[in-house]
Each structure stands twice: as C-alpha cells, then as structure tokens.
Amino acid sequence: MRFLGIVALLLGLCLVARAESLNTVVQSVDGRGDSERQQALQQGLRDMLVRLSGKQQVLDQPVTEQALAQLDRWVTRYDYDGDNLVVRYDTRGLMDFMASEGASVWGFPRPQVLIWLVDQGAGRGELVAGDHALRETLVGEARRRGLSLVVPEWDSQDRSAVTVADIRGRFDGQLLAASERYPHELVVAAVMYRGSPTKVSWRVLQDQKTLDQGREESASAGEAVKTLVDAVTDQLAQRYSVASSASRGLTLLEVERVDALADWHQLQGFLAGLSGMRSVSLVQVSDQGVTFGLDFGASDSQLRSLLELSRQLRPCPDDAVAGPQWRYCWRS
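Residues numbered from 1 in each chain as written. Predicted model: local features only at pLDDT ≥ 70, side-chain atom pairs only at ≥ 80, totals over all residues. Heavy atoms only, no water.

### Observations regarding the nonpolar core
- By size, the foremost hydrophobic cluster in this structure holds 70 residues, and its most contacted members are Trp116, Leu117, Leu236, Val255, Leu267, Leu271 and Leu307.
- Per element, the largest residue contribution to this core is ten residues, and it comes from helix H10 (residues 221-240).
- Contacts of Val255, omitting those with residues within four sequence positions, involve Leu267, Gln288, Gly289, Val290, Leu313, Tyr328, Cys329 and Trp330. (Core = buried A, V, L, I, M, F, W, Y, C linked by side-chain atoms within 4.5 Å. Buried < 20%, exposed > 50% of the residue type's maximum accessible area, 1.4 Å probe, protein only. Helix = DSSP H or I, 4+ residues; strand = E, 2+ residues; numbered from the N terminus. Contact = heavy atoms within 4.5 Å.)

### Some words on unusual backbone geometry
- The omega torsion across Ser196 and Pro197 is 5°, close enough to zero to call that bond cis.
- Within the fold, Pro197 resides in the loop between strand E7 (186-193) and strand E8 (198-206).
- Phi is positive for Arg170, close to 65°, though the residue is something other than glycine.

### Some words on the pattern of salt bridges
- Tallied over the full model, the rule gives 18 salt bridges.
- Here Asp34 and Arg37 are joined by a salt bridge, their closest N and O atoms 2.7 Å apart. Note that Asp34 and Arg37 are positioned in helix H2 (residues 34-53) at a spacing of three residues, about one turn of the helix.
- Across the salt bridge formed by Asp207 and Arg314, the nearest N and O atoms sit 3.8 Å from each other. With Asp207 in the loop between E8 and strand E9 (209-218) and Arg314 in strand E13 (residues 313-315), this residue pair connects regions lying 107 residues apart in the sequence.
- Given a relative accessible area of 46%, Asp207 falls into the partly exposed group.
- Look at the salt bridges and you will find they share partners, linking Glu141, Arg144, Arg145, Lys226, Asp230 and Asp234 into a network. (Salt bridge = Lys/Arg side-chain N within 4 Å of Asp/Glu carboxyl O.)

Here you go:
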C-alpha cells in the first residue's frame, strides 16, 4: 500500500508539472485600468480555450460563452510585465468544465513535435532554427496554440546528418536519423516558398508513417508561420482531442516488461494524463508486467492513437486489433 501511495503522489506531481507549461497567457494591454484588464483576461480565456481544445472552432460553441460568464472562476493569478498582462488560468478546472459541457479536450501529455522548417527564399534555402529571423515567431505561435515544439539546433552535427535539400526532397531516412538526437514523438517536415502568396507545404511523420499533410497560402512569411502552426495543431487536435461520451466499461490493458518502479510510474502517468481518460486502475501485477483497467470516454481507435504517443509503448507482435484485453510491450 505504501508503494502505491508513493506512486500516486509522484503521478500527481508529474501531471501538475505538465499542466504548468500550458496555463499561462500573455496579453498586451494599453493601460492598467479595470476595463483594459478585464478585456485582456477575457481574451486570454478565449486563447486558453483554443489551446485546451486544440480547435479554434471552440470559440463558436456555447462552452465559450459559459466560461466567459464565470471568468473569475478560472483566473488564478495575474501580474503586469511592462505593457503585458501575464495571466495564469486553472487549466485542470477548465478541462473538466469543457468535458462536462461536451466540448473536445486535448489533455496531457501532448506529443513533442520536432519541426524541420525550410525557408526556401531565393537561394538554396535555410532552416528556421538558430538565429533565423522567423525562429522566435515560430516558437511564439507554437506557445499560443499549446503545441509542444522542439526546434533543431542546426549545428554541425545536424548539418552533417541532413541537408535542406533532403528535407525539401522528402528523403525521410536522413531526416528521421537526424531527428534521433532530439526528444520527440512526431516530426514535421515543412518547406516555405516566399512569394505572392507565400506557400508552405508540410507533413507530420510518426516513424516512417505520414500521419497528415497539407499546403497553405499566406500573405507574408510571418503569416505563413502562423498558418503552418495553426494547420498542424488543428490536425493533431483532430487526432488526439477527445469529446467524452457515456462510459463504455473498462478496457483492460496488459503491459509486459514493466519491471522497474520508474517505468511503472512513467506508464501510469502517461495513461492517466490522456485526453478522455476518466480513471486508470491497477488490476494486476505479475512477473510478466502489469494490467490496468482504463475507463476511457471515446472510441477504441482514438485510444489506440493516443497510446501511440508513447515511444516506449507498442502493441505486442501477437496482440489482436481489438478485444476486451489489449497486450502491449514496454520498451525501456
């Protein structure tokens, strides 16, 4: 019992840390009066709802008007930083409220997305990394949407492993090999062609598989970066956000090769943080691994997609596609 209590405490701390990275919005203000502050708090809440839903369409749903009517309930702290108002919101409370109102929720953990964005320009092309003029725009837009973005260093090690021509030419072997040095679950390969309009083509890769792809047009390079981040985030939210439905009963998940406390804690934390996961209960511990009962509020296919976000968790080779008990293997 003491063992389970320690794990539960560690799990709670882990989920709080993840939520902290998404709970803050920075809004510019024209002054420090009540009306300016109220407008900034309201706009910050709208931004937070988009971030937690993953979908901009949430602003057109009744849940947004209902949340705005209870603004003070969600603001936990605000401070001024020059001409900006820095606001913290109760993300966990907001997600619970959104789920109760039938809105889609994109919870934790979110996939780390490694992005290789080529700015083609007029020459051979440059990677948006390092001191590139668009890097901060890229990072800021990802922060706005709650996208967990990883930008390559583009140092000598990267340059020796992959070239902009490889990214542009879709030579994914070199790209994925170069990506191994960075923490990530997904890779975005994108190329921006400046002009009137500026165009961006992009793909989302998971290992050797292309999950999504698209082509966007914008009026400028800065707008193109914003459009790219919006398009990628919208697609990921479509895949990973969940609008909970009535309980379908427990799904039994057997995970083999979990034989260390650190692995147990990592697995439990991952499962408990998935969007749409109502509860995770420990059913059995054996020499082969552990079995959890998952009360998940959406479809089996959505649950399978979410489980793919763990790089350590994969279906065992002889696991059936569906059934009352799923067998997965843990890779430390």
